[in-house]
Amino acid sequence: MIRFVLAPHMQVNMRLPWVLGRLRKLLPLIVLAILLFMFYSISSRPTPKTAPSLPSPPTPASLINHWVIVSIGSGDICSSLASEFFHWTILLVSVKTVPKHGHSRCIFLSDDDLSLMSQRYSVESLKPIAAAYIYAISHGAEIIYTPSPDGDFSSLQRPPNPLLSRNYWGLVFSANASFDAALHFGCKADRWRNRSSYLLSRSYIPAIHTPAVMESSVTEKCPTLEPPVTVSEGSYVDMRLEGSTFTRDAFWALPVSDVLKDEADTTNWSYYVQWLLWKTGRSVRVHWDGVSRKKVTDQYVNITPDYDVTLRKCDSIGFESCAVTVASRLSAKDKLKSALEEWFTALKRSAYSFPDIVHSKTSHSISSSSSNDTSVLFYPAEFFLPSVLNSRTQRFFMPVANLNISRKLFGETCGRRRQIVLPTRQSFTWEISVDFSRPWHQFHDVLLLIVFNVAHYDVIPYLEILYRSFFPNILYCGPTIPDLKVFPVLEGYRFSFVTHDQRTEDKIPGSLNYECLIKAILMRYQVDGYLVIADDLLLLINQLVHFPRNVVWYLPRSELRVADLTTLRECRLDMCDFYPHWHWWEDYVAETLKLLRIFRDEQWSSPVVHRCYSELVRLNGAESRANGGYSDVYYIPSRLAEDFADLAQMFLREKIFLEIAVPTIIRCLELPEDIHALRGKSVWELDRDQPWKYFVRSQLFEKVYLHPTKWSGLVNDSVPELVSLYCDYVIPFQFDPYARFKM
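Now for a quick tour of the structure. Everything numeric in this text was worked out from a predicted model, so none of it was measured.

Looking at the overall build of the protein
From N to C terminus, the protein includes 22 helices and 27 strands. Looking at the protein residue by residue over its 743 residues, the buried ones come to 54%. Contacts spanning at least 24 positions in sequence make up 77% of the contacts within the protein whose residues lie at least 6 apart. In the structure as shown, the protein presents an accessible area of about 34500 Å², 53% of it carried by carbon and sulfur atoms.

Dropping the structure here:
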């Protein structure tokens, strides 16, 4: 047998195709290994402290149209800002160090990023912050908040009541004069302001929300809780860019302050911004943030008469041309004009739409809903007065308004008379000296709303003595604004007043007086809650001190009515077959059923309506059931105030009676077990006009109110027993912290 042996070089040639085939199969694995090695090498390198290129736009999941823009060197503040500015996008600019663990809502821009943005949008002549504004606007910002660079960013808080570009209910300063923030917020004496210079309106669209500007000398001790105010056309307000919140309608004004302050011959740039806002039907809203900002000027220059011909051109040209034309009248420098044109061009490139000029000879801020505006008497609590130290608690208390005039009235009413021993009153001595300036407790964070069903406004001075020391913030409400000619006893008093204008078909006075609370909430006092009482209800202060401020106060659960409106029977113990003996159900059954059907049909269009309807069905047991109850006293915390106002306006439109509307709304908003019970004494007997018979321990033990107490008998001492009750018992009882133990 013959064997053939191949030469070595021929054996290699025979194996080569086999090796290449194996390599071809392993090639993807080899390439993958090389790529993984390259990725590991790159990712293991240290991250540079500054980003060399512009950050990518935020993803849709993290893109939020409320932006806060902060100039800060370190990005470590990101996490704390994200926790405070919930549902806001945080843009940190001029960042030198980027944290390893940031937040999905934080965006970091270094100086190099700002320079790149400035070049891309041709705004190199403006300050670098202008590039940050462009970045936010180009990524869908609707609201931009610009905190002061001098503040402590670690304790930065959201601006109160963020604005939207829509009609907004609120307090409006409507006088054709310069607005003084120190007067409005009660930080200095006011001896001249027109009582009728305020409106409650939704006819104005605020575009800039700015903090109050006033001298530090008047803000050192001014813990004001007064509501923010919109300044109408013709009323100038001094303002600063720092700390202001801008809506999209006012984004054109973001860098205007820097441009005009650097280049113009006038420091009055804020009037320029406000005038252009008026031309577009927008306004400025002012709030108090507790920080003093020095005023730019005490007087403003009204540019309208001086440049009447130029300004009339704005009615026939676009907004950008109007803004540049007016600015050129403020300064002859070409650099100012070119800077504004450069900014406006950058805005166009970022897809920003300028607002339209309102071509109207009437007020540019007022819309077609101006017929809903109502006059308001507004006086702030007088924080400019020196604070008083309470010797017992060692706490400072807010100054008491109308102090001297109340002392005088108390002396005239109670000082020179003979004490009457009331027939059913056990004798005792209070042993307390009444001092209106040093109350033993103050509800400084609660707005007391006193409601008049009938215009018995001559008792307001006596209510001031009863409550003003304990409640620095009081708002009165009645069917008409008090006329000093009709009620001369009110001359010299400082108080705030709104009206309730709606009536039911049967014209019962005060049947829809929950309109008062709607208006109080829409005024947006910066308080923890709203306590509503009738003018003829005596509120006993002692029991209220320890009530929680973050829950509803209302009737005990056992006194709340539930009715099936289809059968007109009340429900008790899970049975709805009890005859109610309460005629309001029958009187308002059609209106209430109609509203419940509206709730059912609209529940998926509004979270508030959906929650209300769901809770009513769950707690009352059926769709056609509503609640009823005594509603001359109740408390709504601020956390539920907006929802209460929204629902109450729906009840008001259907003209549903007070004692059905209020308990049903409360049923919607607060769980029964969370409601703090208000236990009191309501008198319905024939002697209900003799409250001194019921001001005894057996009737008022652990009670917080007595109703009714008609104080009209105090006027001219027409009812001596009532005067004795007021002077010898009620007033000492209110001012003694231990009175309930002595009764």
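A word on the state of the cysteines
For the structure shown, the criterion picks out five disulfides. One disulfide in the model links C78 with C106; its S-S distance is 2.0 Å. The S-S bond linking C78 to C106 shows a torsion near 105 degrees; that makes this disulfide right-handed. Note that C78 is positioned in helix α2 (residues 78-84) and C106 in strand β3 (residues 106-109), a separation of 28 residues in sequence. For C571, the disulfide goes to C576, at an S-S distance of 1.9 Å. Across the disulfide from C571 to C576, rotation about the S-S bond amounts to roughly 110 degrees, and the bridge is consequently right-handed.

As for empty space enclosed by the protein
In total, this model carries five cavities of 30 Å³ or more according to the counting rule given. Its volume calculated, the largest cavity comes out at about 100 Å³. Lining the largest cavity are 15 residues; nearest its centre among them are Y379, P380, A381, R468 and S496. Within this model, the second largest cavity holds a volume of roughly 60 Å³. Around the second largest cavity, the lining residues are V451, N453, N513, V532, I533, A534, S631, D632, Y634 and L658.

Regarding the pairing of strand β2 (residues 89-93)
Residues in a regular strand point their side chains to alternate faces of the sheet. Burial within β2 is extensive, with five of its five residues counted as buried. Here β2 shows a buried face lined by T89, L91 and V93 and a second buried face lined by I90 and L92. Bridge analysis of strand β1 (residues 66-71) against β2 gives five bridges, and the strand direction is parallel. From the neighbouring strand, V70 faces β2, where its bridge partner is L92. Summarising the sheet, β2 and β3 pair through four bridges and their orientation is parallel. Bridge pairing in β3 places V93 opposite L109.

So, the packing of aromatic side chains
Across all of its chains, the model carries 37 aromatic pairs by this definition. An angle of 85 degrees between the planes, with centres 5.3 Å apart, marks the rings of F410 and F436 as edge-to-face. Placement of F410 in helix α12 (residues 403-414) and of F436 in the loop between α12 and β14 (446-451) is noted, with a sequence separation of 26 residues between them. Accessibility assignment for this pair places F410 and F436 in one class, buried.

What to know about a negative patch on the surface
A cluster of acidic residues, E505, D506, E586 and D587, forms a negative patch on the protein surface. Tracing the backbone through its elements, the reader meets D506 in the loop between β16 (496-499) and α14 (515-523). With relative accessibility at 39%, the residue D506 sits in the partly exposed group.

Some details on the environment of F487
Relative to the helices and strands, F487 is located in the loop between β15 (474-478) and β16. Each C-alpha atom of the pair F487 and V459 lies 9.8 Å from the other, and the pair is 28 residues apart in sequence. Once you skip the residues sitting within four places of it in the chain, F487 turns out to touch A455, Y457 and D458.

Examining the nonpolar core
The biggest cluster of nonpolar side chains holds 212 residues, and the ones touching the most others in it are W252, Y467, F471, Y514, L531 and F599. Ranked by residue count, the leading element in this core is helix α21 (residues 720-735), at ten residues. Filtering out sequence-adjacent residues up to four positions away, Y467 remains in contact with L448, I450, I474, I533, L537, L538, L539, I541 and Q734. Counting 17 residues, the second-largest nonpolar core is a separate cluster that includes I72, C78, I90 and Y145.

A look at the environment of T499
Positionally, T499 belongs in strand β16. The class of T499 is buried, set by a relative accessible area of 7%. Sequence spacing of T499 and V376 is 123 residues, and the spatial spacing of their C-alpha atoms is 7.8 Å. Contacts of T499, omitting those with residues within four sequence positions, involve C477, G478, P479, T480, I481, E515 and K519. Side-chain polar atoms of T499 contact the side chain of D501, separated by 2.9 Å.

Considering the environment of K348
Along the polypeptide, K348 turns up in helix α11 (residues 334-349). For the pair K348 and S138, spaced 210 residues apart in the sequence, the C-alpha separation amounts to 9.8 Å. Those residues in contact with K348 that sit more than four places away from it in its chain are E320 and F354.

Overview of the side chain of N627
Mapped onto the elements, N627 comes out in strand β23 (residues 625-628). On the basis of relative accessible area, N627 is assigned to the buried category, the value being 0%. A distance of 3.0 Å separates the side chain of N627 from the side chain of N620, its partner in a polar contact. Those residues in contact with N627, other than ones at most four positions away along the chain, are L560, R561, V562, W585, L616, N620, E659, I660, P663, T664 and R667.

A short note on the sheet that holds strand β7 (residues 206-211)
Within the open sheet, the eleven strands sit side by side as β3-β2-β1-β4-β9-β7-β10-β8-β5-β6-β11. Their pairing is mixed. Edge positions in the sheet fall to β3 and β11 (374-376), since each has one partner strand and no second. Put simply, the sheet's adjacent strands are angled 25 degrees from each other on average, direction ignored. With two bridges connecting them, β7 and strand β9 (residues 244-247) associate as antiparallel partners. Bridge assignment links I208 to a residue of β9, and that residue is F246. On the sheet, helix α4 (residues 129-138) packs against β1, β2, β3 and β4 (143-146) and is oriented at approximately 160 degrees with respect to β1.

Overview of helix α7 (residues 269-279)
In an α-helix, one turn spans 3.6 residues, which is why side chains three or four residues apart end up on the same side. In terms of burial, α7 is a largely internal element, eleven of the eleven residues being buried. Phi turns positive, to about 75 degrees, at G281, one or two residues after α7.

Observations regarding the side chain of E659
In this structure, E659 sits in helix α19 (residues 658-669). Among buried charged residues, E659 stands out as having no salt bridge; its nearest opposite-charge side chain is R561, 6.8 Å away. E659 has contacts with W582, W584, N627, G628, G629, Y630 and S631, leaving out every residue within four places of it along the chain.

Brief notes about unusual backbone geometry
For the bond running from H707 to P708, omega is 0 degrees, close enough to zero to count as cis. Mapped onto the elements of the fold, P708 is located in the loop between β27 (705-707) and α21. Residues other than glycine seldom take positive phi values, yet S122 does so here, at roughly 55 degrees. For S122, the location among the structural elements is in the loop between α3 (111-121) and α4. A residue is classified by how much of its surface remains accessible, and S122, at 36% relative accessible area, is partly exposed. In this structure, E702 is a non-glycine residue whose phi angle is positive, near 60 degrees. Residue E702 is classed as exposed on the basis of its relative accessible area, which comes to 52%.

Cut-offs and rules
Residues numbered from 1 in each chain as written. Predicted model: local features only at pLDDT ≥ 70, side-chain atom pairs only at ≥ 80, totals over all residues. Heavy atoms only, no water. Helix = DSSP H or I, 4+ residues; strand = E, 2+ residues; numbered from the N terminus. Buried < 20%, exposed > 50% of the residue type's maximum accessible area, 1.4 Å probe, protein only. Contact = heavy atoms within 4.5 Å. Areas by Shrake-Rupley, 256 points an atom, 1.4 Å probe, with all protein chains shown as cover. Disulfide = S-S within 2.5 Å. 1 Å grid on protein atoms, 1.4 Å probe; cavity = no way out; pocket = protein on both sides within 12 Å on 5 of 7 lines; lining within 4 Å. Points joined across faces, edges and corners; volume = space filled by probe spheres on them. Pairing = 2+ DSSP bridges. Phe/Tyr/Trp six-rings, centres within 6.5 Å; stacked < 30°, edge-to-face > 60°. Patch = residues over 30% accessible without salt bridge, like charges linked within 9 Å, V, L, I, M, F, W, Y side chains within 5 Å. Salt bridge = Lys/Arg side-chain N within 4 Å of Asp/Glu carboxyl O. Lys, Arg positive; Asp, Glu negative; His and termini not counted. Charge placed at Lys NZ, Arg CZ, Asp CG, Glu CD. Core = buried A, V, L, I, M, F, W, Y, C linked by side-chain atoms within 4.5 Å. Polar contact = N/O pair within 3.5 Å; in protein donor to acceptor, adjacent residues only side chain to side chain. Axes fitted to C-alpha atoms, helices over the stretch in contact; angles between N-to-C directions.

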